[in-house]
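Chain residues, written in single-letter form:
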Amino acid sequence: MNIEKKDIEKYLYDMKKAVENDRYRIDRNTRRQDNINLFLNYIIDEAKAKEIILSLTVMDFSEILQNEHKGFEHEKLYVFGKDITLLERNGTEEKMVSLYIKVNKLENCFVIVISFHEQKYPITYYFK
């Protein structure tokens, strides 16, 4: 797949506009335990999460995935990685945490942050 920076810049622009207008949510249901764990293991709240999402750049982009959930196959999921310093909730250490962020921008300009958790595996950055 040939992806150009301008395409990712446009995606980020639209996504950030939705997030700035609070037209987004971070999935934290039973199937998203890794997302829940980030908030349990580190001092992070909705405002900090929003700040991280708004700080994403083209250089944080990794890949585009096809949504494999039945009925949503037409959707494209954008994956980003971001290194962020967070304070451990149970401890006194600040730690550099590599985040895995997977985003779905719906046609109605609502954004679902499907994944927002520590990377389980190192990711490859498309433009680095």
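The structure this text deals with has already been given above.
No experiment lies behind these values; they were computed from the predicted model shown.

I keep staring at the environment of Lys-17 and nothing clicks. Help me out?
Inspection of the secondary structure assignment puts Lys-17 in helix H1 (residues 5-20). Accessibility expressed as a relative area gives 43% for Lys-17, which makes it partly exposed. Taking the C-alpha atoms as reference points, Lys-17 and Val-111, 94 residues apart in sequence, are found 9.8 Å from one another.

Can you help me understand the pattern of salt bridges in this one?
Note that side chains of opposite charge can pair when their charged atoms are close. Summed over the entire model, instances satisfying the criterion amount to 10 salt bridges. The partner of Arg-28 in a salt bridge is Glu-46, and the shortest N-O contact between them spans 1.8 Å. One end of the pair, Arg-28, is in the loop between strand E1 (24-26) and helix H2 (33-41); the other, Glu-46, is in helix H3 (residues 46-54), with 18 residues separating them in the sequence. Overall, Arg-28 belongs to the partly exposed group, its relative accessible area being 35%. Linked by salt bridges that have partners in common, Glu-4, Lys-6 and Asp-7 make up one network.

Please explain the sheet that holds strand E4 (residues 94-105) as it appears in this structure.
Strand pairs in the sheet, formed through backbone hydrogen bonds, run parallel or antiparallel to each other. One open sheet accounts for 5 strands, arranged E1-E5-E4-E3-E2; its pairing is mixed. Strands with a single pairing partner mark the edges of an open sheet, and in this sheet they are E1 and strand E2 (61-66). The average angle at which neighbouring strand axes cross in this sheet is 30 degrees, direction not considered. Pairing of E1 with strand E5 (residues 111-118), which is carried by 3 bridges, proceeds in the parallel orientation. If you follow Tyr-24 over to E5, its bridge partner there is Val-111. This element, H1, spans E1, E2, strand E3 (76-87), E4 and E5 of the sheet and lies at about 95 degrees to E4.

Definitions and cut-offs
- Residues numbered from 1 in each chain as written.
- Predicted model: local features only at pLDDT ≥ 70, side-chain atom pairs only at ≥ 80, totals over all residues.
- Heavy atoms only, no water.
- Helix = DSSP H or I, 4+ residues; strand = E, 2+ residues; numbered from the N terminus.
- Buried < 20%, exposed > 50% of the residue type's maximum accessible area, 1.4 Å probe, protein only.
- Salt bridge = Lys/Arg side-chain N within 4 Å of Asp/Glu carboxyl O.
- Pairing = 2+ DSSP bridges.
- Axes fitted to C-alpha atoms, helices over the stretch in contact; angles between N-to-C directions.
- Contact = heavy atoms within 4.5 Å.

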